[in-house]
Amino acid sequence: MITIGFKALRVAAAFVTALALLPSQAQQARLDEVKATAEEAYLYGFPMIVGYDVMYKFFIDRDSGQFKAPINTLNNEARVFTPKDTAISTPNSDTPYSMAMLDLRAEPMVLCMPAIEKARYYDVQLIDLYTNNFGYIGSRATGNGAGCYLVSGPEWQGEKPPGIAKSFRSETQLGLVIYRTQLFNPADMDNVKKIQAGYKLQPLSTFLGKPAPPAAPAINWPKLTPEMFTTGFAEYLDFLLQFAPPTGTAAVEKPMRDKFAAIGIGADRKAPPKTPPSPEVKAALGEGVKEAFAKIGATAKGVGTTVNGWQIGSAAGSREFYKGNWALRAAAAKLGIYGNSEAEAVYPFTRSDANGIVLDGSKHAYQMTFAPGQLPPVNAFWSITMYDGRTQLLIDNPINRYLVNSPMLPDLKKNPDGSLTLFIQRDSPGKDKESNWLPAPNRPMFVVMRLYWPKDGAPSVYPLGKGSWKPPAIVPVRNLNALAVTRLGDKSLENIVRTDERYGHDGVFQGPRGWGYWNHLEYPKPIQNPNLWPDTQSTYFLGRLELPAGSVLTLNYTFPQARYFQFALYRWERNTFVAADAIAGPEIEPEPGSTNPFRVGANRLGERRDFKLRIVADDAPVAPKKRAPNTVYAGKAGGQIEGVIRIYLSDQGRDGAGWGPADASYGSRGFPTYSATLADGTKLSAADVVKRMARPMTGATKQPLTAEQWEEIVNAKTNDPTLDPATAPARKDPKWEKFWTLRYSVLGAFKSPEDRAKIPFAGAMEGGGDPSTQYLITYLSRKFGPVYVMRGKMPTFPNTYAGAGGKGLEVMPDAQTQYWSLVSAEAAPSGQIVDGLTDMQVPLDADRNYTIVVSRKEDRPSNATLENGVAWMEWSPRGEGIDGPKNRPDFGMLMLRIMANNPGWTQSPDKVTRPGMEEAVMGPYLPKGEYTTKAAFEASGLKK
């Protein structure tokens, strides 16, 4: 497929010609006929003019800078195209070209092919002056054996001579032959050169060893001008049609040619009158050309069917393929002249991502994943080539890679499930992923997939646009310019603001609450401060309720499109929020006809996803099986209780709550509406619920410890004597342990092992923690080393963020844990976090092992990068985060969340039932860490 690199065509307002075509007194009906005929002539002739532009530069004008060879001489190019090649757009870098312009007026030409190894694909495309593909030689059409083939012009009357395997007849006296020879890899170029040297092109007389016939008359080739596509169009078409007689199979064109001649277009046009055309005729001709050009553009845009953002169709073919559809033939010239017929190659192309948004390497990083067994179905090979979206030229990039193709498969890394992911982005995805990197421009992009000799048995791309095989969408996975976004999956500032505008603040629930909202909103409310060591990917909504005894509050909901969802109740006890009851996403029964997307095997993207929850002022049944479905219990006495909606890691393209689109000004139903029933049967409307049950939440959530209390704990005389107050409770050999209660896990961390063993560890989840989550913590101090290196094994998790269609994973998979994340935190009086990583943001080796480096920005090792397979997280620059001179700036704390774990996971932290069991139960899933320095880590490199 070749597209001419001429500048954007501008159709002249008037189509001026020196011919007097019609008398000035012509009626409007005749003017309409002139306009329609001019439109048809332009549609018909446009691809011929585009083709002449190519032929003239390549084979006629030796000073064009693009000259290849004289006419009837084969030119071999034993190289692939690079960004330095600007003569043609959408160049093919899979198959070095050989090319010749044929002049068949004097005698036929003979093309002889050498024997080519069976594994190598090649094709020889025969194209006439109309740009019809009138024949093929090559792997698909004639096989890879040696053979000679004859190509004759429309008037030749001879018989196929001995030694000729097959003959082809061109409908025009001039034509083009394009050879494509597969290149396996750069080291294969010498083999391609040998094959090209075996291609022979010669006149029939030379092939037979006979004298040559008289030469055809010399041709006065018109030079190329900008007007050839506008006001000079008719002159160039007149010139070309003399080599395209309407005889033989082309005789069907004679009536149309007669129409053209009536308005002065064509080799057999009527004699020009002595007077110039009237203004009305000029206008009619000009309007016809303008209509034609608009139709070419519209037809080009409509070629094929859109499948996952790709246009799949065919605009190139033979006369039988076009069936008189000149607009389609013109569109083929505009899209990529000299494209193969669909039996030889199919060219899906796209300018849009999975969401229909223009692909732009300056704005997004993308991925494209072929499911297991779903690579393009071809008999020969496939490729995906990147082009500049504006020029359709190849792009410069640091690894000089312009495409990814099937010969590269042995060097491409497959995912554990056998799928293949390509990283389509401006910058390197990391050294460990560069094998699968297709570099993108720092601007809009145009991507072309080439399927050579597609299979016609299932799975197949045929019928085009409706075949059983479909190319996967190109999915945006990171917005490079979104404010506040540093890692894949982070919500942008725009998303945070939009979520804040849409949800909460409704009389019952406040919010949204979370790290992003507190740190990035211009004027967050105090209640939005997540000062209890939150996760970076979480969105919470809090509501305080006063439930009368025996009352039932009903929440009408829609499941969010996110990784994790939960509703929990808390009571204020022992100076902290203690979990009272909770229900997690998979436990909820959906409404009839709806789906619960959090259950394994469920359709996560289903449109009907409604459910109801009830908050009952009653005690929960002792036997779990006796619990009412979709019900949480607030206690028989009712009273004041706090409800928390938890949503973690909403899908790509969704707002922070997962209920609405991220890129639209409107939200969607999802946030709950309310109704209630009192013990005496009184029904309460939503407004009544707010009036009777809702209680204000104006201030920030109270911290479990004040700065003064924390200072007392740090310096208590009863602390472990081996601890230094400058570093306590951190120890030189940092250990990870499960979080039990504030008393055991925070206060107890300062005690000796003997004293700590005396503290009760069991109890309900405190500090507003999630009862479905297992928390692990470790305390650090930079006085032991400015860099902390953490290693462990990542459990399997459902990577729901994107999915093949870019809008979230389609089906919820089974996994060991629902969600894993790590945060770097300040001390308890602050409760703030500084940085966080979620499971999908951590690079893993083949055994799912990870290495995470925690340090201040100035201490970050240069090799603590994703490219080196290392995740990096910031150590709090404020240390404890306490205002005043008593703040210890070297303090550090890490908290690990492992949420909603699969009961079948034998090494789950849920199975740690008392302190000290962590390593015996969790094995490699329990992190281990050590202190080091920037220089030491840089010297040692990556360690398992």
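Quick summary incoming for the structure in this document. (Residues numbered from 1 in each chain as written. Predicted model: local features only at pLDDT ≥ 70, side-chain atom pairs only at ≥ 80, totals over all residues. Heavy atoms only, no water.)

Some words on the sheet that holds strand S31 (residues 673-677)
Using the following cut-off: For two strands to count as paired, DSSP must find a minimum of two bridges between them. To qualify as a helix, a DSSP run of H or I must reach at least 4 residues; to qualify as a strand, a run of E must reach at least 2; elements of each kind are numbered from the N terminus.
The 5 strands are arranged S29-S28-S25-S31-S32 in an open sheet whose pairing can be described as mixed. The two strands at the open ends of the sheet, each matched to only one other strand, are strand S29 (631-633) and strand S32 (683-684). Both S31 and S32 contribute to a ladder of 2 bridges, which runs antiparallel. Residue Ala676 lies in a different strand from S32, and its bridge partner there is Leu684.

Topic: the pairing of strand S39 (residues 849-855)
Keep this limit in mind: Burial classification: accessible surface area is computed with a 1.4 Å probe over protein chains only, and a residue below 20% of its type maximum counts as buried, one above 50% as exposed, and the rest as partly exposed.
Within S39, 6 of the 7 residues are buried, which leaves it mostly tucked inside the rest of the structure. Across 7 bridges, strand S36 (residues 787-793) lies against S39 in antiparallel orientation. Within S39, the residue paired with Val787 across the bridge is Ser855. By the bridge criterion, 4 bridges tie S39 to strand S40 (residues 871-874) in an arrangement that is parallel. The residue bridging Ile852 from the neighbouring strand is Ala871, located in S40.

Brief notes about the state of the cysteines
Convention followed: Note that a disulfide, as used here, is simply two cysteine sulfur atoms within 2.5 Å.
Tallying each qualifying case throughout the model produces 1 disulfide. Paired by a disulfide, Cys112 and Cys148 hold their sulfur atoms 2.1 Å apart. Between Cys112 and Cys148 the sulfur-sulfur dihedral comes to about 110°; the bridge is accordingly right-handed. You can see Cys112 sitting in strand S5 (residues 109-113) and its partner Cys148 sitting in strand S8 (residues 147-152), a full 36 residues away along the chain.

Digging into the packing of aromatic side chains
The geometry of an aromatic ring pair comes down to the distance between the two centres and the angle between the two planes. This is how the line gets drawn: Any pair of Phe, Tyr and Trp rings, taking the six-membered ring for Trp, is counted once the centres come within 6.5 Å. Such a pair is stacked with planes under 30 degrees apart, edge-to-face with planes over 60 apart, and tilted for the rest. Here, a charge over a ring is recorded when the distance from Lys NZ or Arg CZ to the ring centre is within 6 Å and its angle to the ring normal is within 35 degrees.
By the definition in use, this model includes 52 aromatic pairs. With a centroid separation of 6.0 Å and an interplanar angle of 85°, the aromatic rings of Phe509 and Phe671 are classed as edge-to-face. Here Phe509, found in strand S23 (residues 509-513), pairs with Phe671, found in the loop between strand S30 (639-650) and S31; they are 162 residues apart in sequence, far enough to count as distant. Each ring, one from Trp710 and one from Phe750, has its centre 5.5 Å from the other, and the planes form 80°; the classification is edge-to-face. In this pair, Trp710 is assigned in helix H12 (residues 707-714) and Phe750 in the loop between helix H13 (742-747) and helix H14 (753-756), connecting sequence segments 40 residues apart. This pair shows no difference in class: Trp710 is buried, exactly as Phe750 is. Three or more aromatic residues joined by ring pairs make a cluster, and in this case those are Tyr503, Phe509, Phe541, Tyr557, Phe559, Phe565, Phe567, Phe598, Phe611, Trp659, Phe671 and Tyr674. Stacked on the ring of Tyr136, the Lys or Arg Arg140 has its end atom at 5.4 Å from the ring centre.

So, helix H1 (residues 28-60)
Filter applied, for reference: Fitting one axis to the seven residues ending at a residue and another to the seven starting there, the bend at that residue is the angle between the two axes.
The sharpest bend along H1 reaches about 40° and sits at Gly45, with the proline Pro47 one to four residues further on. Counting buried positions along H1 yields 25 of 33 residues, so the element is predominantly enclosed.

With respect to the sheet that holds strand S42 (residues 928-932)
Note the following rule: All axes are obtained by fitting lines to C-alpha atoms, using only the stretch in contact for helices, and the reported angles, taken between N-to-C directions, cover 0 to 180 degrees.
Strand order across the open sheet formed by 4 strands is S40-S39-S36-S42, with mixed pairing between neighbours. Sheet topology places S40 and S42 at the edges, where each strand pairs with a single neighbour. Strand-to-strand twist across the sheet, computed as the mean angle between neighbouring axes with direction ignored, equals 25°.

Here we look at the nonpolar core
Quick reminder of the rule: Nine residue types can take part in a nonpolar core, namely buried Ala, Val, Leu, Ile, Met, Phe, Trp, Tyr and Cys, and a core is a set of them joined through side-chain atoms within 4.5 Å. Only heavy atoms matter for contacts: two residues are in contact if any of them lie within 4.5 Å across the pair.
Counting 80 residues, the largest nonpolar core has Trp710, Trp736, Met790, Trp820, Leu822, Ile852 and Leu894 as the members making the most contacts within it. Of all the elements, strand S41 (residues 891-899) adds the most residues to this core, at 7 residues. Setting aside anything within four residues of it in sequence, one finds Ile852 in contact with Tyr788, Val789, Met790, Trp820, Leu822, Leu837, Val842 and Ala871. Membership of the second largest hydrophobic core comes to 70 residues, among which are Tyr42, Phe229, Leu241 and Leu394.

Side note on the pattern of salt bridges
Let me state the cut-off plainly: Criterion for a salt bridge: a side-chain nitrogen of Lys or Arg within 4 Å of a carboxyl oxygen of Asp or Glu.
Considering all chains together, one arrives at 38 salt bridges under this definition. Two residues, Glu77 and Lys68, come together in a salt bridge whose shortest N-O distance is 2.5 Å. Both residues of the pair, Glu77 and Lys68, belong to the buried class. Here Glu826 makes a salt bridge to Arg878, at a shortest N to O gap of 3.1 Å. Pair noted here: Glu826 is in the loop between strand S37 (819-825) and strand S38 (833-838) and Arg878 is in the loop between S40 and S41, with a separation of 52 residues, a long-range link. Accessibility expressed as a relative area gives 5% for Glu826, which makes it buried. Residue Arg878 is classed as partly exposed on the basis of its relative accessible area, which comes to 38%.

A look at helix H6 (residues 279-301)
Definition in use: The span one expects for a helix is its residue count, reduced by one, times 1.5 Å.
Here H6 spans 33 Å end to end across 23 residues, near enough to the 33 Å set by a 1.5 Å rise per residue. Listed as buried for H6 are Val281, Ala284, Leu285, Gly286, Gly288, Val289, Ala292, Phe293, Ile296, Gly297 and Ala300. Structurally, H6 contributes buried residues whose contacts are with H1 and helix H8 (326-336).

A short note on the environment of Arg782
Inclusion rule: Each polar contact in these results corresponds to two N or O atoms within 3.5 Å; when the atoms are within protein, one needs to be able to donate a hydrogen and the other to accept it, and residues that are neighboring in sequence are counted only if both atoms are side-chain atoms.
Looking at where Arg782 falls in the secondary structure, it is placed in the loop between strand S35 (773-781) and S36. Once residues lying within four places of it in the same chain are set aside, the contact partners of Arg782 are Arg856, Asp859, Trp875 and Asp890. Looking at Arg782, its side chain comes within polar contact range of the side chain of Asp859, at 2.7 Å.

Looking at the pairing of strand S26 (residues 562-573)
The buried count for S26 comes to 9 of 12 residues, which makes it a mostly enclosed element. Here 8 bridges tie S26 to S30, and the two strands are oriented antiparallel to one another. Within S30, the residue paired with Tyr564 across the bridge is Tyr648.

So yeah, pure geometry; function would need other evidence.
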